[in-house]
Amino acid sequence: MSTHNEKLLELAMQRAVHGKGDLAASLAETCLAPGAGLTEKELTLAFDIVRILINSVDVGIRRHLSEYLADRSDLPSDLVTALIHDDIAVAYPVLVHNQMLNDETLIEVVEKRGKLHQMAVSIRDQVSKHVSCALTATADLDVIESLLYNKAAKIDAETLDRKSTRLNSSHQIISYA
């Protein structure tokens, strides 16, 4: 058995939360890092361990795992869902950087999560017209401003005009140059 596998096995057997934190860090560094060269079976096992860990470790450790996973294109969908609906510290790296997230998923986050999740969605490299529409529908000026500053966002002019009129009529005037 390799040294990495022995260490992971030893840490997995520990019941202390500290041991789980060490396991998460070791897992991220040895198995989830780019170029780890895992087989499909090993990767499936690593993701199974991550699923267990995200339900039993603190936010800081979950954030660490999320940062390692954010750019991956091979994440299981249930793991992505768990991460993006977690605390914003955990959700942020995946919401901003993961290219697996489709419009339907992003719109669900915008509609079901709070302002900080919405802000993370608004600064993605790719924001479609549908997602922009959902973001403007929040009527949150900070979210809309963040979206407007995102040069890569596709914003439907008609949607923005309707939202601008509605905001102006409720005495919340916005203007962007």
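The paragraphs below set out a description of the structure included in this document. (Residues numbered from 1 in each chain as written. Predicted model: local features only at pLDDT ≥ 70, side-chain atom pairs only at ≥ 80, totals over all residues. Heavy atoms only, no water.)

**Comments concerning helix α4 (residues 59-69)**
Of the residues making up α4, those classed as buried are I61, R62, L65, S66 and L69. Along the long axis of α4, the arc covered by the buried residues comes to 140°, so they all point the same way. (Buried < 20%, exposed > 50% of the residue type's maximum accessible area, 1.4 Å probe, protein only. Helix = DSSP H or I, 4+ residues; strand = E, 2+ residues; numbered from the N terminus. Arc of directions from axis to C-beta.)

**Considering the packing of helix α3 (residues 40-54) against α4**
At a closest axis distance of 10 Å, the pairing of α3 and α4 adopts a crossing angle of 145°. Considering the relative orientation of α3 and α4, their crossing is left-handed. Residues F47, V50, L53 and I54 of α3 form the contact with α4, whose participating residues are R62, L65 and L69. (Axes fitted to C-alpha atoms, helices over the stretch in contact; angles between N-to-C directions. Left-handed = near helix turned anticlockwise from the far one by under 90°. Contact = heavy atoms within 4.5 Å.)

**Observations regarding unusual backbone geometry**
Of note, A139 is a non-glycine position whose phi angle comes to about 60°, a positive value. Counting through the fold element by element, A139 comes out in the loop between α9 (129-137) and α10 (141-149).

**What to know about the nonpolar core**
Core analysis: the biggest nonpolar cluster contains 42 residues, and L32, L69, L79, L95, V121 and L135 have the highest contact counts within it. Ignoring sequence-local partners within four residues, the contact set of L79 consists of F47, V50, R51, I54 and L69. (Core = buried A, V, L, I, M, F, W, Y, C linked by side-chain atoms within 4.5 Å.)

**A word on the packing of α9 against α10**
With their axes 8 Å apart at the nearest point, α9 and α10 run at an angle of 150° to one another. What the angle tells us is that α9 and α10 run roughly antiparallel. Packed against α9, whose contacting residues are S132, L135 and T136, the element α10 presents V143, I144 and L147 at the interface. The class makeup of the residues in the contact of α9 with α10 is four nonpolar, two polar and no charged. (Parallel < 35°, antiparallel > 145°, perpendicular 65-115°, else oblique. Nonpolar A, V, L, I, M, F, W, Y, C, P; charged D, E, K, R; others polar.)

**Some thoughts on α10**
Inspection of α10 places V143, I144, S146 and L147 among the buried residues, and these make up the whole buried set. Along α10, the residues classed as buried sweep out an arc of 160° about the axis, all on the same side. The opening residue of α10, the one whose side-chain oxygen lies 2.9 Å from the backbone nitrogen of D142, is D140. (Polar contact = N/O pair within 3.5 Å; in protein donor to acceptor, adjacent residues only side chain to side chain.)

**Regarding the side chain of R124**
Within the element layout of this structure, R124 appears in the loop between α8 (115-122) and α9. It is D103 that comes nearest to the buried, bridge-free R124 among opposite-charge side chains, at 7.4 Å. Of the polar contacts made by the side chain of R124, one reaches the backbone oxygen of N98; its length is 3.0 Å. When near neighbours in sequence (up to four residues on either side) are disregarded, R124 contacts V94, L95, V96, H97, N98, Q99, L101, L106 and N150. (Lys, Arg positive; Asp, Glu negative; His and termini not counted. Salt bridge = Lys/Arg side-chain N within 4 Å of Asp/Glu carboxyl O.)

**Quick notes on the pattern of salt bridges**
Under the defined criterion, the tally for this structure stands at seven salt bridges. Here K115 and D140 are joined by a salt bridge, their closest N and O atoms 3.6 Å apart. Of this pair, K115 sits in helix α8 while D140 sits in the loop between α9 and α10, and the two are 25 residues apart along the sequence. K115 is the salt-bridge partner of D142, the closest N and O atoms lying 2.4 Å from each other. In this pair, D142 sits in helix α10 while K115 sits in helix α8, placing the two residues 27 residues apart along the sequence. Of the residues examined, K115 reaches a relative accessible area of 34% and is grouped as partly exposed. Several salt bridges converge on common partners, so that one network encompasses D48, R51 and D78.

**Points about the environment of S73**
Inspection of the secondary structure puts S73 in the loop between α4 and α5 (77-84). Each C-alpha atom of the pair S73 and Q99 lies 7.0 Å from the other, and the pair is 26 residues apart in sequence.

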